[in-house]
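Observations on chain architecture
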Amino acid sequence: MLTINQKKSFEVTVAEQHSAITVGSGDLPVLGTPAMIALMEQASVQLVTPHLEEGTSTVGIHLAVEHLKATPMGGKITVSAELTAIDGRKLSFALKAVNEAGETIGEGTLDRFIIDKERFMAKLS
């Protein structure tokens, strides 16, 4: 069962697949903003997935993130998502990424919506 204040976090070592060069968001060998955002979304998905009914999933519907500090290749970051609100099928999260020194490198909010997978995909046909 999903409840407010549930959290999920994990540690990542910044590797080539996370670099701004690889993700196309810049030309420096640092953590790219799109990679940081993907990791934040991954934390939210990992938080909710074990609690969803079979045949359902979540999709992102709104994201607001600030990338505050650069992280070099090989740096370790901890990414987290905290469920802050449940409004019917809408789930809201606080997102955060912190470096090894405990400095916030990114933060923001995310809204995801619980969907029925079959109905969602049928709308795309």
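Residues numbered from 1 in each chain as written. Predicted model: local features only at pLDDT ≥ 70, side-chain atom pairs only at ≥ 80, totals over all residues. Heavy atoms only, no water.

Going by the annotation in an unreviewed UniProt entry, the name recorded for the protein is Fluoroacetyl-CoA-specific thioesterase-like domain-containing protein, with Porphyromonas gingivicanis given as the source organism.

1. Points about the overall build of the protein
Looking only at helices and strands, the protein has three helices and five strands in total. Sequence-ordered secondary structure for the protein, helices as α and strands as β, is β-α-α-β-β-β-β-α. Taking the principal axes of its C-alpha atoms as reference, the protein extends roughly 40 × 35 × 20 Å. Relative to its full complement of 125 residues, the protein shows a buried share of 34%. For the protein, long-range pairs separated by at least 24 residues make up 65% of all intrachain contacts whose partners lie at least 6 apart in sequence. Within the structure as shown, the protein displays about 7200 Å² of accessible surface, and the carbon and sulfur contribution to it stands at 52%. For the protein, the distance from the average position of its 11 positive side-chain charges to the average position of its 15 negative side-chain charges is 4 Å. (Helix = DSSP H or I, 4+ residues; strand = E, 2+ residues; numbered from the N terminus. Buried < 20%, exposed > 50% of the residue type's maximum accessible area, 1.4 Å probe, protein only. Contact = heavy atoms within 4.5 Å. Areas by Shrake-Rupley, 256 points an atom, 1.4 Å probe, with all protein chains shown as cover. Lys, Arg positive; Asp, Glu negative; His and termini not counted. Charge placed at Lys NZ, Arg CZ, Asp CG, Glu CD.)

2. With respect to the nonpolar core
Ranked by internal contacts, the top residues of the largest apolar core, which has 24 residues, are Leu 31, Val 48, Ile 77, Val 79, Leu 91 and Phe 93. Residues within four places of Val 79 in sequence aside, it is in contact with Lys 8, Ser 9, Phe 10, Leu 39, Met 40, Ala 43, Lys 96 and Ala 97. (Core = buried A, V, L, I, M, F, W, Y, C linked by side-chain atoms within 4.5 Å.)

3. Quick look at the UniProt feature "active site" (unreviewed entry) in the protein
In the UniProt entry, the feature "active site" (unreviewed entry) is given for Thr 33, Glu 41 and His 67. Spanning 35 residues, the annotated positions come together in the fold, the maximum distance between their C-alpha atoms being 14.3 Å. With relative accessibility at 31%, the residue Thr 33 sits in the partly exposed group. Here Thr 33 is in contact with Ser 25 and His 67, once residues within four sequence places are set aside. (UniProt positions renumbered as here; feature names shortened; annotations may be inferred.)

4. Some points on the side chain of His 18
Following the sequence through the fold, His 18 ends up in the loop between strand E1 (7–13) and helix H1 (20–23). By relative accessible area, which is 10% here, His 18 ends up buried. Once you skip the residues sitting within four places of it in the chain, His 18 turns out to touch Val 12, Thr 13, Val 30, Leu 31, Gly 32, Ala 35 and Leu 39.

5. Brief notes about helix H2 (residues 33–48)
Taking 1.5 Å of rise per residue, 16 residues should cover 22 Å, and H2 covers 23 Å from first to last C-alpha, within 8% of that figure. Every buried residue of H2 is accounted for by Ala 35, Met 36, Ile 37, Leu 39, Met 40, Ala 43, Ser 44, Leu 47 and Val 48. Packed against the buried residues of H2 are E1, H1, strand E2 (56–67), strand E3 (76–87), strand E4 (90–99) and strand E5 (104–116). (Expected span 1.5 Å × (residues − 1).)

6. Let's talk about the pattern of salt bridges
In the structure shown here, the tally under the stated rule is three salt bridges. The partner of Glu 82 in a salt bridge is Lys 7, and the shortest N-O contact between them spans 4.0 Å. Remark: Lys 7 occurs in strand E1 and Glu 82 occurs in strand E3; sequence separation between them is 75 residues. For Lys 7, a relative accessible area of 61% corresponds to the exposed category. Among the salt bridges present, the one from Asp 111 reaches Lys 90, with a minimum N-O distance of 3.8 Å. Taken as a pair, Asp 111 in strand E5 and Lys 90 in strand E4 lie far apart in primary sequence, 21 residues in all. With a relative accessible area of 30%, Lys 90 lands in the partly exposed category. (Salt bridge = Lys/Arg side-chain N within 4 Å of Asp/Glu carboxyl O.)

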